[in-house]
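Each chain, letter by letter, is given below.
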Amino acid sequence: MTPPKSCYLLDAADIEARIDEICDVLTDCVTHGASVSFLLPFEQSKARAFWHGVAQSVDRGERLLLAVDNASGVLVGTVQLILQQPENQPHRADVAKLLVHSRARRQGLARQLMMTLEAYAAERQKTQLVLDTATGSDAELFYHSCGWLKAGEIPDYALMPDGKLTSTTLFYKSL
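No experiment lies behind these values; they were computed from the predicted model shown.

## With respect to helix H5 (residues 138-145)
Item 1. Burial in H5 covers these residues: Glu140, Phe142 and Tyr143. Looking straight down H5, one finds its buried side chains confined to an arc of 160°; they lie on one side. Across H5 from its buried face, at more than 90 degrees, point the exposed residues Asp138 and Leu141.
Item 2. Close packing links the buried residues of H5 with strand E4 (92-100), helix H4 (109-123), strand E5 (128-134), strand E6 (149-159) and strand E7 (165-174).
Item 3. Note on H5: the residue one or two positions beyond its end, Gly147, has a positive phi of about 90°.

This is how it looks when you write it as C-alpha cells:
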C-alpha cells in the first residue's frame, strides 16, 4: 500500500514549527464536540501543551504524527500512530486522535490520513491496529466504512467536551 502523496509525517521540529496550525485543528475539533480527551472551555494553552508532548513522543520514536494540508498548504488534519507497546505486543499499534478541521471535512482527507497511517503501520511490521471512538458518533460510522471491525462497547467510558458521559466503541483492523 503506497501512502497518498497529500499526507505526510511530521517530525518534532515540524510540529513545533507548525504548532499554531495544529493547535487550530485540535481547538476546532474540541469546540465542535469531538471526544478527543478534552473538555470545554478549551484554552489554547492546553492545545499547545498537548502538542509539545506529542512532539517529544515523536522525537523519542514512540509515535508517528501524520498530517494533511488543504489546497492552500494549510494543515487541516492529523492522526497519530502509537508505536510503543508492551514487550508482548510488538505487532500492534494504537490509532489516536484523527482530527480534521470542520472547514475541511467531507473532502476525503480523513480517509487519506487513515490509508496513509495503515501504510506506515505495515512498513513497521504492525499487523494489528486498535482504536476507540465515541459510540454513535460520525467517527464510528467512518471507521466502519474504512473496514474497521467493531470489537465491543464500554458504557460511560469518557466525558464529551460538554461534560456528558459517552460510551466508547472499540475497533480493530488486521493488516
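## Some words on the nonpolar core
Item 1. Counting 27 residues, the largest nonpolar core has Leu81, Val95, Met114 and Trp148 as the members making the most contacts within it.
Item 2. Among the elements of the structure, strand E2 (63-69), strand E3 (75-82), E4, H4, E5 and H5 are those that each provide at least two residues to this core.
Item 3. A per-element tally of this core places H4 first, with seven residues.
Item 4. Not counting the four nearest positions on each side in its chain, Met114 is found in contact with Val79, Val95, Leu98, Leu131, Phe142, Tyr143 and Trp148.
Item 5. Ranked by size, the runner-up nonpolar core spans 22 residues in total, among them Ile22, Val30, Phe42 and Trp51.

## Quick word on a nonpolar patch on the surface
Item 1. On the surface, Leu39, Leu159 and Leu165 cluster together into a nonpolar patch covering about 260 Å² of accessible area.
Item 2. Along the chain, the position of Leu39 falls in the loop between helix H2 (19-31) and helix H3 (44-59).
Item 3. Classification of Leu39 as partly exposed rests on a relative accessible area of 36%.

## Here's the deal with unusual backbone geometry
Item 1. Here Leu40 and Pro41 are connected by a cis peptide whose omega angle stands at -5°.
Item 2. Mapped onto the elements of the fold, Pro41 is located in the loop between H2 and H3.
Item 3. For Arg106, which is not glycine, the phi torsion reads 65° and is therefore positive.
Item 4. Positive phi, close to 60°, is recorded for Gln125, a residue that is not glycine.

## Quick look at the pattern of salt bridges
Item 1. Applying the stated criterion across every chain, the model contains nine salt bridges.
Item 2. A salt bridge links Arg60 to Glu62, with the shortest nitrogen-to-oxygen separation between them at 2.9 Å.
Item 3. Here the residues in one salt-bridge network are Arg18, Glu21 and Asp69, joined through shared partners.

## Some points on the environment of Thr31
Item 1. Its location among the elements puts Thr31 in helix H2.
Item 2. A polar atom in the side chain of Thr31 sits 2.7 Å from the backbone oxygen of Thr27.

## What to know about the pairing of E4
Item 1. The buried count for E4 comes to eight of nine residues, which makes it a mostly enclosed element.
Item 2. The pairing of E3 with E4 spans five bridges and is antiparallel. Paired with Gly77 across the bridge in E4 is Val100.
Item 3. The pairing of E4 with E5 spans three bridges and is parallel. When the bridges of E5 are listed, Arg92 appears paired with Gln128.
Item 4. Regarding topology, H4 serves as the crossover connection from E4 to the parallel E5, and that connection is right-handed.

## Examining the packing of aromatic side chains
Item 1. In this structure the tally under the stated criterion is six aromatic pairs.
Item 2. With a centroid separation of 5.4 Å and an interplanar angle of 65°, the aromatic rings of Phe142 and Tyr143 are classed as edge-to-face.
Item 3. With relative accessibility at 6%, the residue Tyr143 sits in the buried group.
Item 4. For the ring pair Tyr143 and Phe171, a centre distance of 5.9 Å and an interplane angle of 50° mean the geometry is tilted.

Rules of the game
- Residues numbered from 1 in each chain as written.
- Predicted model: local features only at pLDDT ≥ 70, side-chain atom pairs only at ≥ 80, totals over all residues.
- Heavy atoms only, no water.
- Buried < 20%, exposed > 50% of the residue type's maximum accessible area, 1.4 Å probe, protein only.
- Helix = DSSP H or I, 4+ residues; strand = E, 2+ residues; numbered from the N terminus.
- Arc of directions from axis to C-beta.
- Contact = heavy atoms within 4.5 Å.
- Core = buried A, V, L, I, M, F, W, Y, C linked by side-chain atoms within 4.5 Å.
- Patch = residues over 30% accessible without salt bridge, like charges linked within 9 Å, V, L, I, M, F, W, Y side chains within 5 Å.
- Areas by Shrake-Rupley, 256 points an atom, 1.4 Å probe, with all protein chains shown as cover.
- Salt bridge = Lys/Arg side-chain N within 4 Å of Asp/Glu carboxyl O.
- Polar contact = N/O pair within 3.5 Å; in protein donor to acceptor, adjacent residues only side chain to side chain.
- Pairing = 2+ DSSP bridges.
- Right-handed = clockwise from strand over helix to strand, strands pointing away.
- Phe/Tyr/Trp six-rings, centres within 6.5 Å; stacked < 30°, edge-to-face > 60°.

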